[in-house]
Amino acid sequence: MRLSKKSIITTAIAVALAVAVVIGGGTFAYLRSNSEDIVNDFSANKVLVSLSESGDQQYEIIPGTEEVKDPKVTVDNTVDAYAYVEIIDNTNGLVTYEIAEGWTLLDGYENVWYREVAANAENKDFEVLKDNKVSYSAALTNEDMKDETGALKDGLDLTITAYAVQKNPFANAFDAFAAKDQVAVGNSEELVEALTDGKPVVLTENVEISSAQLQSVDNPSINLNNKTLEVTGNDALLLSEGDSLVIENGDVSWETTNSSKVAVSMFENSALTIKDVNLNLSGSSIVVEPGVNVTSVEIIDSEIYSDDNYCISTNAADNTSGKSVNINIKNSKLVANYPSNGDCTGVLFNVPGTLNIDNSEITAGRQAVIVRCGTANITNSTLTCTAAYTNYDQYTDSMWSSGNEVPVAVLVVGNRSNPTSYPFDATCTLEKTDLIIPEDTGAIIYAAAYNGRTTTIIGGNFESITADSDDDSNIIIK
């Protein structure tokens, strides 16, 4: 655009004026402002409990009488809390009492009661026993007072203990009570330190820990407190002789990537408890190792997902193993989903122990459950084979291989292999259990008996069973 002389002159004057201001001096004022202060006050809090009682706590059991017994719980709390009383009764039924109103029996316990105590509650003193008394039945006789040797019974006592636990951050009174003896931890260093000291822990934050760090401590017990525990590393967690692991109340992401595809490896006289946990095993499984005769796996109120070949399996490489291997799955959901070809099984049980599945769902691509030997009891459950593994005719007319190299079916019971493999009988009892598989794929129940063995199925529908045996063996269907 072409500028006129007038435009040029005006611009020059504007520039000159600006320069004049600078040269002439002046006061600079920045654009600025201050807010009012916000003061953050933090209040210290407490949850204290005491137990008191009048008298000398010495009592005489005289039939038809009663005595004053007035234990009282006092809570001193500045935040909402749960108060508990635990009663250990060693009176052999000679002493009668009732719990005072306001106390509720804690789920899962027979001798623990609780109540909520608000921080601003007007009354924080609570009687334990109704009418503050114990009584002795008029029906008691001299014989009731004697032990098996005829002497008067001794060691008769009633022990009452009070506890108080802050209400927040626990989901309920059960979780809070479980945490009363636990150490609160918020990071991996605190977690390892507490477990190394032999203390059970409760998480206050999500925590990451390596399988090697878990391996370095004895008998870890972890209350997740609705938080997430992430387990990483290349090593399986080995539960050796007498070891145990308890994980409850939250989420677990188990990301171990060892070549054996094992997250937890269980050995003789070990125990694993998973309760109220969402457990993602990623590319691994829980395995009871060969040669194990005594071990326990408890899966309660939990969900387990694995994209390995199994969620839970036993290993029968040593065919002398399994005499007391016990796996209990209750109120739980197990899903195995091997991404590449569906070659996966929810539970493989191939040792002469006991497998119990109650009120649970087991889903997998090749077999939901295999019981190659041992005893299985499956009640009120749903077993589903998705038939994602599509070689439906494999092993239906030939000897089976190891592990889950058996026919595609919802449930496989028994064995067809060489005489030295799985040399035990198999029994499976079904009650109120649904077996689901797509039509024109595998079997609903595949039962086999070879090498002089007996396979027994109790409660199965005859029409749903594919039977396969040699002349020296028996398949019994009841």
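Because the structure is a prediction, the values reported are computed rather than measured.

Some remarks on the overall build of the protein
Okay, step 1: Helix and strand counts for the protein stand at four helices and 37 strands.
Okay, step 2: For the protein, the C-alpha radius of gyration of 34 Å lies well beyond 23 Å, the compact-globule estimate for 478 residues.
Okay, step 3: Taken along its principal axes, the extent of the C-alpha atoms in the protein is 120 × 80 × 40 Å.
Okay, step 4: The burial tally for the protein puts 43% of its 478 residues in the buried class.
Okay, step 5: Restricting the contact set of the protein to residue pairs at least 6 apart, pairs at least 24 apart contribute 63%.

Topic: unusual backbone geometry
Okay, step 1: At the junction of asparagine 168 and proline 169, the peptide bond is cis and its omega measures out at 20 degrees in the coordinates.
Okay, step 2: If you trace the backbone, proline 169 turns up in the loop between β9 (157–166) and α2 (173–178).
Okay, step 3: Phi at asparagine 331 takes a positive value of approximately 50 degrees, unusual for a residue other than glycine.
Okay, step 4: Since its relative accessible area comes to 30%, asparagine 331 is described here as partly exposed.
Okay, step 5: A positive phi is found at asparagine 380, a non-glycine position, where the angle reads about 50 degrees.

Comments concerning the pairing of strand β26 (residues 354–358)
Okay, step 1: Burial along β26 is one-sided: the residues Leu355 and Ile357 are buried and none of Thr354, Asn356 and Asp358 is.
Okay, step 2: Here five bridges tie β26 to strand β29 (residues 374–379), and the two strands are oriented parallel to one another. Across the sheet, the residue bridging to isoleucine 357 is isoleucine 378, located in β29.

A closer look at the environment of valine 192
Okay, step 1: Positionally, valine 192 belongs in helix α3 (residues 188–196).
Okay, step 2: Spatially, the C-alpha atom of valine 192 lies 47 Å from that of threonine 455, the residues being 263 residues apart in sequence.
Okay, step 3: Once you skip the residues sitting within four places of it in the chain, valine 192 turns out to touch Ile209, Gln213 and Val217.

Focus on α3
Okay, step 1: Three or more residues of α3 are buried, namely Ser188, Leu191, Val192, Ala194 and Leu195. An end-on view of α3 places all buried positions within 165 degrees of arc, on one side of the element. Projecting away from the buried face of α3 at angles above 90 degrees are the exposed residues Glu189, Glu193 and Thr196.
Okay, step 2: The backbone nitrogen of glutamate 189 has a side-chain oxygen 3.1 Å away, supplied by the residue at the start of α3, namely asparagine 187.
Okay, step 3: One or two positions beyond α3, positive phi appears at glycine 198, with a value near 80 degrees.

Focus on the packing of aromatic side chains
Okay, step 1: Counted under the stated rule, the structure contains nine aromatic pairs.
Okay, step 2: Taking the centre distance of 6.2 Å and the plane angle of 75 degrees together, the rings of tyrosine 82 and tyrosine 114 count as edge-to-face. Taken as a pair, tyrosine 82 in strand β4 (residues 81–90) and tyrosine 114 in strand β6 (residues 112–117) lie far apart in primary sequence, 32 residues in all.
Okay, step 3: With centroids separated by 5.6 Å and ring planes inclined at 85 degrees, the aromatic side chains of tyrosine 163 and phenylalanine 177 adopt a geometry described as edge-to-face. Of this pair, tyrosine 163 sits in strand β9 while phenylalanine 177 sits in helix α2; the two residues are 14 residues apart in sequence, bridging distant segments of the chain.
Okay, step 4: For phenylalanine 177, a relative accessible area of 4% puts it in the buried group.

Observations concerning the nonpolar core
Okay, step 1: Among the nonpolar cores identified, the biggest contains 75 residues, and Leu229, Trp254 and Val369 are the most heavily contacted of them.
Okay, step 2: Ignoring sequence-local partners within four residues, the contact set of leucine 229 consists of Leu191, Leu203, Val207, Ile209, Ile222, Leu224, Asp251, Val252 and Ser253.

Here's the deal with the sheet that holds strand β5 (residues 104–105)
Okay, step 1: Spatially, β5-β6-β4-β9 is the arrangement adopted by the four strands of the open sheet, whose pairing is antiparallel. Strands at the two margins of the open sheet, each flanked by one partner only, are β5 and β9.
Okay, step 2: The pairing of β5 with β6 spans two bridges and is classified as antiparallel. Across the sheet, residue leucine 105 finds its bridge partner in β6, namely tryptophan 113.

Topic: a negative patch on the surface
Okay, step 1: The grouping of Glu189, Glu190, Glu193 and Asp197 at the surface amounts to a negative patch.
Okay, step 2: Structurally, glutamate 189 can be placed in helix α3.

As for the sheet that holds strand β36 (residues 465–469)
Okay, step 1: Pairing within the open sheet is parallel, and its nine strands lie in the order β15-β17-β19-β22-β25-β28-β31-β34-β36. Only two strands of the sheet have a single neighbouring strand rather than two, namely β15 (237–239) and β36. Direction aside, the axes of adjacent strands within the sheet are offset by 10 degrees on average.
Okay, step 2: When strand β19 (residues 285–288) meets strand β22 (residues 310–314), the two strands line up parallel, connected through three bridges. Of the residues in β22, the one forming a bridge with valine 288 is threonine 314.

A look at the confidence of the model for the protein
Where the model shows low pLDDT, its predicted coordinates should not be examined in detail.
Okay, step 1: A residue-level look at the protein finds 94% of positions with pLDDT of 70 or above and a mean pLDDT of 91.
Okay, step 2: For residues 1–25, every residue scores under 50 in pLDDT, and the model assigns this stretch one contact once sequence neighbours within four places are set aside.

As for the pattern of salt bridges
Okay, step 1: Scanning the entire structure with this criterion turns up ten salt bridges.
Okay, step 2: Taking the shortest distance from any N to any O, the salt bridge between lysine 69 and glutamate 53 comes out at 2.9 Å. Taken together, the positions of lysine 69 in the loop between β2 (66–68) and β3 (72–77) and glutamate 53 in the loop between β1 (47–52) and β2 put the pair 16 residues apart, joining distant regions of the chain.
Okay, step 3: Residue class for lysine 69 comes out buried when judged on its relative accessible area of 7%.
Okay, step 4: For the salt bridge of arginine 366 with glutamate 405, the shortest nitrogen-to-oxygen distance reads 3.2 Å. Placement of the pair is arginine 366 in the loop between β27 (361–364) and β28 (367–371) and glutamate 405 in the loop between β30 (382–385) and β31 (409–414), with a sequence separation of 39 residues. Of the two residues, arginine 366 and glutamate 405, neither departs from the other in class, the shared state being buried.
Okay, step 5: Ionic contacts of the salt-bridge type, sharing partners, join the residues Asp343, Arg366 and Glu405 into one network.

Some details on the environment of glutamate 405
Okay, step 1: Sequence-wise, glutamate 405 and tyrosine 395 are ten residues apart; in three dimensions their C-alpha atoms are separated by 7.6 Å.
Okay, step 2: Among residues more than four places away in sequence, those in contact with glutamate 405 are Asp343, Arg366, Gln394, Tyr395 and Trp400.

Analysis parameters
- Residues numbered from 1 in each chain as written.
- Predicted model: local features only at pLDDT ≥ 70, side-chain atom pairs only at ≥ 80, totals over all residues.
- Heavy atoms only, no water.
- Helix = DSSP H or I, 4+ residues; strand = E, 2+ residues; numbered from the N terminus.
- Rg over C-alpha atoms; globule rule 2.2 N^0.38 Å.
- Buried < 20%, exposed > 50% of the residue type's maximum accessible area, 1.4 Å probe, protein only.
- Contact = heavy atoms within 4.5 Å.
- Pairing = 2+ DSSP bridges.
- Arc of directions from axis to C-beta.
- Polar contact = N/O pair within 3.5 Å; in protein donor to acceptor, adjacent residues only side chain to side chain.
- Phe/Tyr/Trp six-rings, centres within 6.5 Å; stacked < 30°, edge-to-face > 60°.
- Core = buried A, V, L, I, M, F, W, Y, C linked by side-chain atoms within 4.5 Å.
- Patch = residues over 30% accessible without salt bridge, like charges linked within 9 Å, V, L, I, M, F, W, Y side chains within 5 Å.
- Areas by Shrake-Rupley, 256 points an atom, 1.4 Å probe, with all protein chains shown as cover.
- Salt bridge = Lys/Arg side-chain N within 4 Å of Asp/Glu carboxyl O.
- Lys, Arg positive; Asp, Glu negative; His and termini not counted.
- Charge placed at Lys NZ, Arg CZ, Asp CG, Glu CD.
- Axes fitted to C-alpha atoms, helices over the stretch in contact; angles between N-to-C directions.
- pLDDT = per-residue confidence, 0-100.

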